[in-house]
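# Architecture at a glance
Residue strings, one per chain:
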Amino acid sequence: SQYISKFLNHASFYFENDEEIIIIDPWFFGKIFDNSWSLLKEVEEAEIEVCKIKHIFISHEHPDHLHWGTLKFIREKTTGSVVIYITERHNKNVRDNLIKIGFEVVEIIPHSRRKLNNNFYYTQFPFNHDSALIFEVDGIVHLNQNDCYLDDYQAHLIKGLYPTIDYWWMQFSLAGYYANR
């Protein structure tokens, strides 16, 4: 069945169909960065069927994208396999800790279009500590740039591979001084 996409909060959105939810950068509650950041609105359990979450994509390792409390909450509320997709790193601490919590982990190969199922493909474009993610869902292209800076090489590579972007997910505020033109 076809997916619908929905913005949840901060950097988190998800794709849902009758069988599953695929969520990106979930942060449902709590404060981060020495209690200096909080959500405008925490996620109520009724807002998302957490038990349907089968796949989680993490764009990078900052706590507003990789929120351990939310991931533990998701693992407690789900049964069966839940796969987390992360950037491949030399340091395996994040991968190992996700496995300890009970997730399966896939380290994403950069710039390589991968099939999740018949209607869902993903491609990662890492830059420094961050990454942009492309999701092709039911023939619709979603670019999750979020707070990833794209250099000219990455921007041209994405444009060459995906000349039409149907939805461009990005942050609405900037924690740094840079931005893309």
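Located above this text is the structure these notes cover.
Overview of the structure.

## Some words on the overall build of the protein chain
Check the secondary structure of the protein chain and you find three helices and 11 strands. Going from the N terminus to the C terminus, the protein chain shows its helices and strands as β-β-β-β-α-β-α-β-β-β-β-β-α-β. Taking 16 Å as the expected radius of gyration for a compact globule of 181 residues, we find that the protein chain reaches 16 Å, a close match to that expectation. With the principal axes as the frame, the protein chain shows a C-alpha extent of 40 × 40 × 35 Å. A buried classification covers 45% of the 181 residues belonging to the protein chain. A fraction of 54% describes how many contacts in the protein chain between residues 6 or more apart in sequence connect residues 24 or more apart. The average position of the 17 basic charges and that of the 25 acidic charges among the side chains of the protein chain differ by 3 Å.

## Considerations on the sheet that holds strand 7 (residues 114-117)
Strand order in the open sheet formed by five strands is 7-8-9-10-11, with mixed pairing between adjacent strands. A strand with exactly one partner marks an edge of an open sheet, and here the two such strands are strand 7 and strand 11 (167-170). Neighbour to neighbour, the strand axes of the sheet diverge by 25 degrees on average, direction disregarded. As defined by bridge partners, strand 10 (residues 140-146) adjoins strand 11 across four bridges and the pair is classed as parallel. Looking across to strand 11, one finds that Asn146 is bridged to Met170.

## Remarks on the pattern of salt bridges
Scanning all chains against the criterion turns up seven salt bridges. Between Glu45 and Lys77 there is a salt bridge, and its shortest N-O distance comes to 3.7 Å. Of the two residues, Glu45 sits in the loop between strand 3 (21-24) and strand 4 (53-57) while Lys77 sits in helix 1 (residues 68-77), which places them 32 residues apart along the sequence. Glu45 sits in the exposed class, given a relative accessible area of 53%. Overall, the relative accessible area of 37% leaves Lys77 in the partly exposed class. With a shortest N-O distance of 2.7 Å, Arg113 and Glu136 are connected by a salt bridge. Taken as a pair, Arg113 in the loop between strand 6 (104-108) and strand 7 and Glu136 in strand 9 (residues 130-137) lie far apart in primary sequence, 23 residues in all. Exposure remark for Arg113: the relative accessible area of 47% places this residue in the partly exposed category.

## Some remarks on the packing of helix 1 against helix 2 (residues 93-101)
Close contact between helix 1 and helix 2 brings their axes to 10 Å; oriented N to C, the two are set at 35 degrees. Note that helix 1 runs across helix 2; the crossing there is right-handed. Facing helix 1, whose interface residues are Trp68, Leu71, Lys72 and Arg75, helix 2 presents Val94, Asn97, Leu98 and Ile101. Tallied by class, the residues present in the contact of helix 1 with helix 2 amount to five nonpolar, one polar and two charged.

## Remarks on the pairing of strand 7
Relative to strand 8 (residues 120-127), strand 7 is paired through three bridges, and the arrangement is antiparallel. By the bridge assignment, Lys115 is partnered in strand 8 with Tyr121. The turn joining strand 7 and strand 8, which pair antiparallel and follow one another in sequence, is formed by two residues.

Conventions adopted
Residues numbered from 1 in each chain as written. Predicted model: local features only at pLDDT ≥ 70, side-chain atom pairs only at ≥ 80, totals over all residues. Heavy atoms only, no water. Helix = DSSP H or I, 4+ residues; strand = E, 2+ residues; numbered from the N terminus. Rg over C-alpha atoms; globule rule 2.2 N^0.38 Å. Buried < 20%, exposed > 50% of the residue type's maximum accessible area, 1.4 Å probe, protein only. Contact = heavy atoms within 4.5 Å. Lys, Arg positive; Asp, Glu negative; His and termini not counted. Charge placed at Lys NZ, Arg CZ, Asp CG, Glu CD. Pairing = 2+ DSSP bridges. Axes fitted to C-alpha atoms, helices over the stretch in contact; angles between N-to-C directions. Salt bridge = Lys/Arg side-chain N within 4 Å of Asp/Glu carboxyl O. Left-handed = near helix turned anticlockwise from the far one by under 90°. Nonpolar A, V, L, I, M, F, W, Y, C, P; charged D, E, K, R; others polar.

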